[in-house]
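# Structure assessment
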Amino acid sequence: MIEDLKRENASLRQRVAELEVPARRFQALFDGGIVSVQVYDPESRTKEVNPGWERLWQTNIEQTAGYRILKDPQVVAQGFMHLIEQAFLEGKAARLPTIRYDPRQNDTVDEGSARWVASALHPVKGANGEVNEVVQLHFDVGELKHSEEELRQQKEQLEAAVAVRTAELEEQLRVSEEQKRAIAALSTPVLKIWKGILALPLIGNIDAARGARILEVLLQSIVEASAEKVILDVTGVPVLDADAARHLRDAVRAAALLGAECMVVGISTETARTLVQGDLGFEHVPTFATLQEGLRRSLVRTAEKRRDA
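Summary of the structure given here. (Residues numbered from 1 in each chain as written. Predicted model: local features only at pLDDT ≥ 70, side-chain atom pairs only at ≥ 80, totals over all residues. Heavy atoms only, no water.)

## Observations regarding unusual backbone geometry
- In this structure, Ser44 takes a positive phi of about 75 degrees despite not being glycine.
- Structurally, the position occupied by Ser44 is in the loop between strand S1 (36-40) and strand S2 (46-49).
- Phi at Ser226 takes a positive value of approximately 50 degrees, unusual for a residue other than glycine.
- If you trace the backbone, Ser226 turns up in the loop between helix H6 (208-225) and strand S8 (229-236).
- For Ser226, a relative accessible area of 56% translates into the label exposed. (Helix = DSSP H or I, 4+ residues; strand = E, 2+ residues; numbered from the N terminus. Buried < 20%, exposed > 50% of the residue type's maximum accessible area, 1.4 Å probe, protein only.)

Structure follows, in structure tokens:
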């Protein structure tokens, strides 16, 4: 029998030694003070706290004698009371959402300091499976939240600056587009110089884009004015090369399809020589050296046409 007692005593010593390991671990965590530890009884009243808890909340256990986490109005308001009930009533560990918690908002707490915290609940069960205690660990995330707030403010400021700059660029683009339209209109002005007679004085080089613009404005003006005669004045065109000549001939042909006769004026001696040498003449298109001559001829033809009618 003595031998049985010795064996039982040795087994108990071994079991105690095994239990001492997790006990020392918890005690090291509890005494370390790096993490806030709060221990509740099954009714969710505070049984014990560590120095880390006191530093975090700037209070002590005596100030929380009437506090019960299962009755905490801030927890109810945040909408995660079901997680706390699971820990106390069902023995399930729970990770709680990060919140800004203020102990002083509880009628049962006399003092304390608000903190941004993340926390977790760890039920401790007895041999019968019932919850004997619940341990809550708090993690101060105030600095992280402060950094997040700074980042949020910086993001809002950046977005506001981008919005302002975008609006400025859009306004500049709008003004630029208006200026382009104004310049385009000035570069291809169509003048109504007599009833049924239009003049289009051209200044500057005529490239593909300019040629398309001339054609568009000319045809639109012919329709709007019911024009019969159009005088294309190229006095201000420095170089009437092959491409420019083709653009003008396209405009003349398109105008003819609308019933308007075109003439080209302002062709210099040098330009005439260039057109002839390159076989770029305006066949069947009246040409005159000056706008005055072209206008005079147009008026004469118009008068003759009316007289014959």
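## Quick look at the sheet that holds strand S5 (residues 131-140)
- Taken together, five strands build an open sheet; the order of strands is S2-S1-S5-S4-S3 and the sheet is antiparallel. Since the sheet does not close on itself, it has two edges, and those belong to S2 and strand S3 (94-101), each with one partner. For this sheet the average axis-to-axis angle between neighbouring strands, irrespective of direction, equals 25 degrees.
- In the sheet, S1 pairs with S5 via five bridges, with the strands oriented antiparallel. Paired with Val39 across the two strands is Val135, which belongs to S5.
- Packing against the sheet, helix H4 (residues 81-90) makes contact with S1, S3, strand S4 (115-125) and S5, and its axis sits at approximately 135 degrees to S3. (Pairing = 2+ DSSP bridges. Axes fitted to C-alpha atoms, helices over the stretch in contact; angles between N-to-C directions. Contact = heavy atoms within 4.5 Å.)

## Concerning the environment of Ala208
- One can find Ala208 in helix H6.
- Distance in space between the C-alpha atoms of Ala208 and Asp243 is 7.9 Å, their sequence separation being 35 residues.

## Remarks on the sheet that holds strand S6 (residues 191-194)
- Read across the open sheet, the five strands follow the order S6-S7-S8-S9-S10; overall the sheet is mixed. Strand pairing shows two members of the sheet lacking a second neighbour, S6 and strand S10 (287-288), which therefore form its edges.
- Running at roughly 165 degrees to strand S7 (residues 197-203), H6 makes contact with S7 and S8 of the sheet.
- Lying on the sheet, helix H7 (residues 242-257) is in contact with S7, S8 and strand S9 (261-265); it crosses S8 at an angle near 170 degrees.

## Section: the nonpolar core
- Of all hydrophobic cores here, the largest spans 25 residues; its most connected members are Leu202, Val230 and Leu232.
- Put simply, the parts of the chain that give this core at least two residues each are S7, H6, S8, H7 and S9.
- The greatest single-element share of this core, amounting to six residues, is contributed by H7.
- Not counting chain neighbours up to four residues away, the residues in contact with Leu202 comprise Arg210, Ile214, Asp233, Val234, Gly236, Val237 and Leu248.
- Core analysis: the second largest hydrophobic core is formed by 24 residues, Val49, Tyr67, Met81 and Ile84 among them. (Core = buried A, V, L, I, M, F, W, Y, C linked by side-chain atoms within 4.5 Å.)

## Some remarks on the packing of H6 against H7
- Packing of H6 against H7 leaves a shortest axis separation of 9 Å and a crossing angle of 20 degrees. Taken together, the axis directions place H6 and H7 in an arrangement best described as roughly parallel. Crossing geometry of H6 relative to H7 is assigned as right-handed. Two secondary-structure elements touch here, H6 through Ala208, Gly211, Leu215, Leu218, Leu219 and Ile222 and H7 through His247, Asp250, Ala251, Ala254 and Ala255. (Parallel < 35°, antiparallel > 145°, perpendicular 65-115°, else oblique. Left-handed = near helix turned anticlockwise from the far one by under 90°.)

## Considering the pattern of salt bridges
- Under the definition given, this model contains eight salt bridges.
- For Glu43, the salt bridge goes to Arg68, with nearest N and O atoms at 3.7 Å. Of this pair, Glu43 sits in the loop between S1 and S2 while Arg68 sits in the loop between helix H2 (51-57) and helix H3 (73-78), placing them 25 residues apart in sequence.
- One salt bridge in this structure joins Lys229 and Glu261, with 2.4 Å as the shortest N-O distance. Highlighted residues: Lys229 in strand S8 and Glu261 in strand S9, separated in sequence by 32 residues.
- On the basis of relative accessibility, which here comes to 30%, the residue Glu261 falls in the partly exposed class. (Salt bridge = Lys/Arg side-chain N within 4 Å of Asp/Glu carboxyl O.)

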